[in-house]
Amino acid sequence: MPSPELVSGQLIIYRGSRLESLLQPLRAMIRAAPPDHVLAPVQIVAGHAGMRPWLGAALAREAGPGGISANLDIQLPSSWLERLAQQTLGESAVALAPYTRDQLRWRIHALLVSAPSPRVQAYLQGSDAPRRRMQLAEHLAGLFSRYIIYRPDWLAAWARGEPALPPPHEADSPLPWLWQRLRVQIGQAHRGERLGQLTKALAEGAHARGDALHLFGLNHLAPTELAVFAALARLRPVVLYLPDPCRLDWFE
């Protein structure tokens, strides 16, 4: 059974082979560390959108006959981190729109004709060149949207005009050239950069200590997101409830 005391500086992890098995420690932790203000909601970060309504109902069932589950603020990781960034860094901290896949593809589409890559220019030749150009722009926009979350270190190196990977991995690659120009065109920090700034601000104590935060059912976190929650755990208790199949589950 969880400890009845939760303090800042704690990052606690519970694992279970089924989500239902994680409900009891979640409920026990909520009881052990309720919000300081009687009207403040319990803050929970859920693994996906479908889990949000299920979790509230499941906690009520866990309370037994006549049990209730109320005043839960259940958010997805991205929306919760955006709110924290705005509270800590300011209202303009999150500028996601220019870096969405839908907007990136059109910027990339315009840049491809002048990309200094023989391989790209050879690919864009032929009677179906417009279709190829659009498909390539869509593919590259998808790559960059994932790099923003998972490889901001590569993007930072390319923005500085430095290689992110040792030779010959970037030979004739249009990615460094494209990203340099995209970053200059947009002129705003992307999500990966903002999360890095947020982690640094939290480490320097820019955010006030607060109530416990519960991360429930997350299958994975990007390194930048995990770094934020690790820094936050120095200021408030952070508890992770992770689905972790046991050996029998894997073999079956």
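Heads up: the structure comes first, above all this text.
One structure accompanies this document, and this report is about it. Not measured: the values here are computed from a predicted model.

### Quick look at the packing of aromatic side chains
Then, number 1: Tallied over the entire structure, the rule returns 10 aromatic pairs.
Then, number 2: With 5.9 Å between their ring centres and 10° between their planes, Tyr14 and Tyr241 make a pair best called stacked. Here the residue Tyr14 occupies a position in strand S1 (residues 11–16), and Tyr241 occupies one in strand S5 (residues 238–243), the gap between them amounting to 227 residues.
Then, number 3: A ring pair is formed by Phe144 and Tyr147, whose centres lie 6.5 Å apart and whose planes are at 80°; its orientation type is edge-to-face.

### A few points about the nonpolar core
Then, number 1: Counting residues in each nonpolar core, the largest one holds 25 residues, and the members touching the most others are Ile108, Leu112 and Phe144.
Then, number 2: Counting only elements with at least two residues in this core, the list comes to helix H4 (101–111), helix H6 (129–150), helix H7 (152–159) and helix H8 (175–186).
Then, number 3: Broken down by element, the residue count for this core peaks at eight residues, all from H6.
Then, number 4: By size, the runner-up hydrophobic cluster in this structure holds 20 residues, among which are Trp80, Leu215, Val228 and Leu235.

### A word on unusual backbone geometry
Then, number 1: Residues Pro167 and Pro168 are joined by a peptide bond in cis, for which omega reads 5°.
Then, number 2: As for its position among the elements, Pro168 is in the loop between H7 and H8.
Then, number 3: The backbone phi angle of Asn71 is positive, close to 55°, even though this residue is not glycine.
Then, number 4: Looking at the secondary structure, you find Asn71 in the loop between helix H2 (51–62) and strand S3 (72–75).

### Some remarks on the packing of helix H1 (residues 23–32) against H2
Then, number 1: At a closest axis distance of 10 Å, the pairing of H1 and H2 adopts a crossing angle of 80°. Between H1 and H2, the interaxial angle falls into the category roughly perpendicular. Only Trp54, Leu55, Ala58, Leu59 and Glu62 of H2 make contact with H1, whose side of the interface consists of Leu23, Gln24, Leu26, Arg27 and Ile30.
Then, number 2: Its residues assigned to classes, the contact of H1 with H2 shows seven nonpolar, one polar and two charged.

### Here's the deal with the layout of surface pockets
Then, number 1: Estimates place the volume of the largest pocket at around 400 Å³.
Then, number 2: Of all the secondary-structure elements, those providing two or more residues to the lining of the largest pocket are helix H3 (77–89) and H6.
Then, number 3: Looking at the lining of the largest pocket, the element that brings in the most residues is H6, giving four residues.
Then, number 4: Of all the elements, H1 adds the most residues to the lining of the second largest pocket, at three residues.
Then, number 5: Tallied by class, residues from the lining of the second largest pocket come to six nonpolar, two polar and two charged.

### Here we look at empty space enclosed by the protein
Then, number 1: Evaluated as defined, the whole model comprises two cavities of 30 Å³ or more.
Then, number 2: When its volume is computed, the second largest cavity comes out at roughly 40 Å³.
Then, number 3: Partitioning the lining of the second largest cavity into residue classes produces seven nonpolar, two polar and one charged.

### Some words on the pairing of S3
Then, number 1: By the bridge criterion, four bridges tie strand S2 (residues 42–46) to S3 in an arrangement that is parallel. Within S3, the residue paired with Ile44 across the bridge is Ile74.
Then, number 2: The handedness of the S2 to S3 crossover, carried by H2, is right-handed.

### Here's the deal with the pattern of salt bridges
Then, number 1: Considering all chains together, one arrives at 12 salt bridges under this definition.
Then, number 2: A salt bridge links Arg119 to Asp172; its shortest N-O distance comes to 3.9 Å. Note that Arg119 is positioned in helix H5 (residues 118–123) and Asp172 in the loop between H7 and H8, a separation of 53 residues in sequence.
Then, number 3: When its relative accessible area of 32% is taken as the criterion, Asp172 is described as partly exposed.

The rules behind these values
- Residues numbered from 1 in each chain as written.
- Predicted model: local features only at pLDDT ≥ 70, side-chain atom pairs only at ≥ 80, totals over all residues.
- Heavy atoms only, no water.
- Phe/Tyr/Trp six-rings, centres within 6.5 Å; stacked < 30°, edge-to-face > 60°.
- Helix = DSSP H or I, 4+ residues; strand = E, 2+ residues; numbered from the N terminus.
- Core = buried A, V, L, I, M, F, W, Y, C linked by side-chain atoms within 4.5 Å.
- Buried < 20%, exposed > 50% of the residue type's maximum accessible area, 1.4 Å probe, protein only.
- Axes fitted to C-alpha atoms, helices over the stretch in contact; angles between N-to-C directions.
- Parallel < 35°, antiparallel > 145°, perpendicular 65-115°, else oblique.
- Contact = heavy atoms within 4.5 Å.
- Nonpolar A, V, L, I, M, F, W, Y, C, P; charged D, E, K, R; others polar.
- 1 Å grid on protein atoms, 1.4 Å probe; cavity = no way out; pocket = protein on both sides within 12 Å on 5 of 7 lines; lining within 4 Å.
- Points joined across faces, edges and corners; volume = space filled by probe spheres on them.
- Pairing = 2+ DSSP bridges.
- Right-handed = clockwise from strand over helix to strand, strands pointing away.
- Salt bridge = Lys/Arg side-chain N within 4 Å of Asp/Glu carboxyl O.

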